[in-house]
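# An overview of the molecular structure
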Amino acid sequence: RVLFRSTGAPQWKLPAANELSPGDWEALLPVAYDRYMGGCNNEIVRIFGSKLDERWVNTLSPTDPTFLHELDQIASRMSRCVIIVPHRCKESVTVMQHYLPWIENSHELCTKKANGSKLKATAKAIKPNSSDVILAHNQMDELMFGFGEALFEKQLRIATAAQNATGYNATGNATQNATAT
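The paragraphs below set out a description of the structure included in this document. (Residues numbered from 1 in each chain as written. Predicted model: local features only at pLDDT ≥ 70, side-chain atom pairs only at ≥ 80, totals over all residues. Heavy atoms only, no water.)

### As for the overall build of the chain
The condition that has to hold: What counts as a helix is a DSSP run of H or I of at least four residues, what counts as a strand is a run of E of at least two, and both are numbered from the N terminus. Accessible area is worked out with a 1.4 Å probe on protein chains only. A residue is then buried under 20% of its type maximum, exposed over 50%, and partly exposed in between. Contact between two residues is taken to exist if any of their heavy atoms lie within 4.5 Å; hydrogens are not considered. Surface accessibility in these figures is a Shrake-Rupley result with a 1.4 Å probe; residues are shielded only by whichever protein chains are displayed.
Broken down by element type, the chain carries seven helices and two strands. Counted from the first residue to the last, the chain has its helices and strands arranged as β-β-α-α-α-α-α-α-α. Relative to its 181 residues, the chain shows a buried fraction of 29%. In the chain, once contacts between residues fewer than 6 apart in sequence are set aside, the share between residues at least 24 apart is 59%. Element-wise, carbon and sulfur atoms account for 57% of the exposed surface of the chain, whose accessible area totals about 11,900 Å².

Encoded structure:
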């Protein structure tokens, strides 16, 4: 990646994440943009938020007077989404089959991979205390990830209860709990 100035002009090649100190993260995160002028912070705000000003999104913090209003707006928008959790694949399929039964290949979520990471398993972790700095710059995302996880749990409970009540998932296939007649 290359760090760009807010004008879009390349500034310097960004070092690998494991080479950055907490101070580097502190200095870079509020001003780092990719070639499309997308920032590095608050990705959920970028997707679900109400403002398109990239500088505002990239520097949003709880001290901003609009933080709580934006939190409410984003939570409202996210609450209308079907949430899946990749590392909980089978449970995510249950949710998808209940809420999106017309997606016939939802079971492939656990078997097909696309756009996988090219990082080697030996990739080095970021330096100590760097994650604290990153989280401090992404407090809205951290809150919304927690909200998304709670929403997933609720959707999973509803989907599982529906399957248990009928013995079939939303696509009409018998579940493991269904008894043969």
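### Section: unusual backbone geometry
Its identity is not glycine, yet Asn42 carries a phi of approximately 55 degrees, on the positive side. Relative to the helices and strands, Asn42 is located in the loop between helix H1 (22-28) and helix H2 (43-48). Unlike most non-glycine residues, Asn129 shows phi in positive territory, near 75 degrees. When you line up the elements, Asn129 lands in the loop between helix H5 (89-99) and helix H6 (130-136).

### Some details on the state of the cysteines
For clarity, the threshold we go by: Any two cysteine sulfur atoms lying within 2.5 Å of each other are counted as a disulfide.
Under the definition given, this model contains one disulfide. Bridging Cys89 to Cys110, the disulfide has an S-S length of 1.9 Å. One quick way to see it: the torsion about the S-S bond of Cys89 and Cys110 is about -120 degrees, and its sign makes the bridge left-handed. With a gap of 21 residues between them, Cys89 in helix H5 and Cys110 in the loop between H5 and H6 connect regions that are remote in the sequence.

### What about H5?
Taken together, the buried positions of H5 are occupied by Cys89, Ser92, Val93, Thr94, Val95, Met96 and Gln97. Looking at the packing, one finds that the buried side of H5 touches helix H7 (139-166).

### What about the side chain of Thr94?
On the secondary structure map, Thr94 appears in helix H5. A relative accessible area of 15% means that Thr94 is categorised as buried. Apart from the residues within four sequence positions on either side, Thr94 is in contact with Leu156, Ala159, Thr160 and Gln163.

### Describing the side chain of Glu70
Selection criterion: Positive charge is attributed to Lys and Arg, negative charge to Asp and Glu, and no charge count is given to His or to the chain ends. Between Lys or Arg on one side and Asp or Glu on the other, a salt bridge is scored when a side-chain nitrogen of the former is within 4 Å of a carboxyl oxygen of the latter. What qualifies as a polar contact is a pair of N or O atoms within 3.5 Å, subject to a donor-acceptor requirement within protein and to the restriction that residues adjacent in sequence count only when both atoms come from side chains.
Residue placement: Glu70 occurs in helix H4 (residues 67-78). Although buried, Glu70 forms no salt bridge, and the nearest oppositely charged side chain, Arg77, lies 4.9 Å from it. One polar contact links the side chain of Glu70 to the main-chain amide nitrogen of Ser50, over a distance of 2.6 Å. For Glu70, the contacting residues outside a window of four places in its chain are Gly49, Ser50, Lys51, Trp56 and Met140.

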